[in-house]
Amino acid sequence: KKPAKKRGGDDEDESEDEPPKRKRGGAANKKKGGKAQDSDDDDSDVGKGKKGKKGGGRKGKKEEEEEETKGKKGDGKGKGKDKVSHVGFDSVCPFSTSSSDSSSNSSEEEESMSEGEMARLMEEVEEKKKLIANIRNKPWRMQRRLKHLKEAQEFVDKFEGALGKGKGRKWYAYKVMMTKKWIKFQRDFENFRTACIPWERKIKEVESHFGSSVASYFIFLRWMYGMNLVLFGFTFGLVVIPEVLMGLPYGSVPRKTVPRAEQDTAQDYSVLMDFNGYCKYSVLFYGYYNNQRTIGVLKFRLPLSYLMVGIGTFGYSLMLVIRTMAKNADVGGGDGEDSDFTFAWKMFTSWDYLIGNAETADNKYASITTSFKESIVDEQENQKDENIHLRRFLRVLANFLITCSLGGSGYLIYFVVKRSQEFATRDDLSWYEKNEMEIVMSLLGLVCPPLFETIAELEDYHPRIALKWQLGRIFALFLGNLYTFLFALFDEVNTKLEEEQAIKNASIWAMKEYYANYSRLMNDSEATPPPMDPADVIRGPCWETAVGIEFVKLTVSDIQVSYLTILIGDFARAVIVRFLNYCWCWDLEAGFVTFYAPGLVGINVLRLLSSMYYQCWAVMATNVPHERVFKASKSNNFYMGLLLLVLFLSLLPVVYTIMTLPPSFDCGPFSGKDKMFDVVMETIDLDLPAFMGTLFSYAANPGLIIPAVLLMVLAIYYLNSVSEAYQNSNMELKKKMKMVCRKSPQFSLHMC
């Protein structure tokens, strides 16, 4: 018994590595009864702990008596054959020869196992399952974990199907098998779902080398790609494809035909790059779509679908951003480490010992190194001491300079748009004069962000806060440029509307002259003249298509400038640094959805798809990590808030044009109507019951809209107040928990 106590005490690992003993018949080995019981307390970890250290002898005697009685029963029923004693089976050996005999001889086992034995066997199987589930939490060596895991799995596989009688046994075995297969299917499906996440491996690689702040940009880019892919499906599925399949073909009506004066140059490269010629009279732009109320054999209402999809894309985008912000609110908006002993936790708990791939291990090593750099920056910022008055003065100065830059960029864009309107009346334009507006806006987007970053050095914010200010200023730059461009563009639209009225009158007069001349020629006033060739019909300016072309040209120009900047600027600089860094004196390495262009959604999808691969390559091949690597915020609500603001401000011009400006008379699905939203009223009057029209008229009454808006504002205010109260309560609870943890070391060890 003394060796048994010794093994149950300090030398526990050696007793675990001993080979299991065999146990034949119903009786136990009396010489090793106490020793087997003590080793069971260490090996199985069934729940009895280390109680067998002192009472091993007594338990051994009790088990000897029980096993002797069971052995007699087994000898009586099995006629001298070896039987399995399931009482204490796990403590002696779960893989004995007699157990294999009993599993093969199912009929004798059913007779020999009593209800109590089956209950105990079921309990042992459940305990083995718990051990398998919690094996990672055991403070054991890996070799010992693998050994116990293998033994427990073999025990469960061997005896789980034996817990039943007669027909019930087969049904239980079937249920166990299906449960295992279902668990395996769920695990495999989860792995498959994770593997199907686009660019997950690339983003993890970027994060391991450049930190979570850089990776958050690519995560946001992937999110934008997913949203634009859904919008692409809506637009092409409900607008473009119905028009192509069920609408009138190209050349059948004037709006779908290139004018005869432009046909000779309609396929020139320079014309197509300006999105004129055949591009202008294609499904990419608003003017191509016909104004028939229904098209095709399905009687598809294309004008109504065009309007609803345009409004629905904005609604979907807004709801998706708000939903994402609500999800991020659950994550928490803390920007730093909430727990104490940050570096100790990172040092002793960061490595994943299940990694078996060399590339994964390298990425994990780089990720741990980067996380230490992030925590060091946070700690340095928390301990920084500064002159508050000088810092305030420098921050006011920086904001003044940036405000002047924003104002100058807005004035420059307004000036360029006005010049482009003057150029529209000339034919002898150079390449720069044709594309001056796009070039200037792209250069402003290229030059201003680095200028803002240089000025922001005066503020000396934490890198995370500085990034938020930088992004906010860039968004302000883009929004200011966009609205300046739109205001200048509205002047051009008003000019086109005046021209359109004159052209409309001229086209009506020309048609009357055509009919009159034909009747005079045929000397018959009732003769019907042949239809005029669509290429010879007088066209209006179609201001909707002109607006769509400007936005598409802006998008394509921005893509070209961005990609060329990365290829020529970053890549060339990286090559020079790579080859000259060794012989240099210092270290060189330290240094929108639019309503009038349905095809623009597809261009955005291709842009984001190529941008993900292109910028991932650029980051990994042409950049080095910043000296001050910082951790990204736990909540992306700041960036989502900026995106929500951009979407809302982009929606306002579209709503303004839909509600106030009249559509063109000879192009687009709303031609011939006073306002675009008349399509909705027409559908209500002709297709819906009469009470629906009355209901909509009541809903559009300002007397109901204004109280509804006020009620929504009050509800938002109430929910915001409740949210702030909950946040304050959480802060108070955290403070109380920290106080309790500091007062009670034992409580701190288990709970804090």
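Residues numbered from 1 in each chain as written. Predicted model: local features only at pLDDT ≥ 70, side-chain atom pairs only at ≥ 80, totals over all residues. Heavy atoms only, no water.

(A) View of the packing of helix 12 (residues 212-246) against helix 22 (residues 600-622). At a minimum axis distance of 8 Å, the contact between helix 12 and helix 22 shows a crossing angle of 160°. Taken together, the axes of helix 12 and helix 22 lie roughly antiparallel to each other. The chirality of how helix 12 crosses helix 22 is left-handed. Together, Tyr217, Phe218, Leu221, Arg222, Met224, Tyr225, Asn228, Leu229, Leu231, Phe232, Thr235 and Phe236 of helix 12 and Val601, Gly602, Asn604, Val605, Leu608, Leu609, Ser611, Met612, Gln615, Cys616 and Val619 of helix 22 make up the contact between the two elements. (Axes fitted to C-alpha atoms, helices over the stretch in contact; angles between N-to-C directions. Helix = DSSP H or I, 4+ residues; strand = E, 2+ residues; numbered from the N terminus. Parallel < 35°, antiparallel > 145°, perpendicular 65-115°, else oblique. Left-handed = near helix turned anticlockwise from the far one by under 90°. Contact = heavy atoms within 4.5 Å.)

(B) Spotlight on the state of the cysteines. Going through the model one piece at a time under the given rule, you end up with one disulfide. The disulfide partner of cysteine 542 is cysteine 667, and the S-S distance across this bridge is 2.0 Å. Between cysteine 542 and cysteine 667, the S-S dihedral sits near 100°, and the bridge is therefore right-handed. Cysteine 667 sits in the buried class, given a relative accessible area of 5%. (Disulfide = S-S within 2.5 Å. Buried < 20%, exposed > 50% of the residue type's maximum accessible area, 1.4 Å probe, protein only.)

(C) Representation of the UniProt feature "transmembrane region" (unreviewed entry) in the chain. UniProt's feature table lists "transmembrane region" (unreviewed entry) at residues 229-250, 304-322, 396-417, 470-490, 638-659 and 695-719, given in the numbering used throughout. Structurally, residues 396-417 is divided into 100% helix and 0% strand, and its ends, taken at the C-alpha atoms, are 32 Å apart. With 100% helix and 0% strand, the stretch residues 470-490 has end C-alpha atoms that lie 30 Å from each other. (UniProt positions renumbered as here; feature names shortened; annotations may be inferred.)

(D) Quick peek at a nonpolar patch on the surface. A cluster of nonpolar residues, Leu390, Phe393, Leu397, Phe400, Leu401 and Leu458, forms a patch on the protein surface that exposes about 540 Å² of accessible area. With respect to the helices and strands, phenylalanine 400 occurs in helix 17 (residues 388-423). Phenylalanine 400 gets classed as exposed once you look at its relative accessible area, which sits at 51%. (Patch = residues over 30% accessible without salt bridge, like charges linked within 9 Å, V, L, I, M, F, W, Y side chains within 5 Å. Areas by Shrake-Rupley, 256 points an atom, 1.4 Å probe, with all protein chains shown as cover. Salt bridge = Lys/Arg side-chain N within 4 Å of Asp/Glu carboxyl O.)

(E) Spatial organisation of unusual backbone geometry. The backbone of tryptophan 199 shows a phi angle near 60°, a positive value even though the residue is not glycine. For tryptophan 199, the location among the structural elements is in the loop between helix 10 (167-195) and helix 11 (200-210). A residue is classified by how much of its surface remains accessible, and tryptophan 199, at 10% relative accessible area, is buried. Notably, lysine 299 is not glycine yet its phi reads approximately 55°, a positive angle. Of note, lysine 299 is situated in the loop between helix 13 (269-273) and helix 14 (302-331). Lysine 299 sits in the exposed class, given a relative accessible area of 54%.

(F) Region of the structure containing the confidence of the model for the chain. Chain-level statistics for the chain give a pLDDT mean of 75 and a share of 74% at 70 or above. Ranking the elements of the chain by mean pLDDT puts helix 5 (residues 89-92) last, at 38, and helix 12 first, at 88. In this model, residues 333-338 is a region of pLDDT below 50 whose contacts with residues beyond four sequence positions or in other chains number 13 contacts. The low-confidence segment residues 586-591 (pLDDT under 50) makes nine contacts with residues lying over four places distant or belonging to another chain. (pLDDT = per-residue confidence, 0-100.)

(G) Highlighting helix 20 (residues 463-522). The first and last C-alpha atoms of helix 20 sit 83 Å apart over 60 residues, in line with the 88 Å expected at 1.5 Å per residue. Once helix 20 finishes, asparagine 523 follows within two positions and takes phi at roughly 55°, a positive value. (Expected span 1.5 Å × (residues − 1).)

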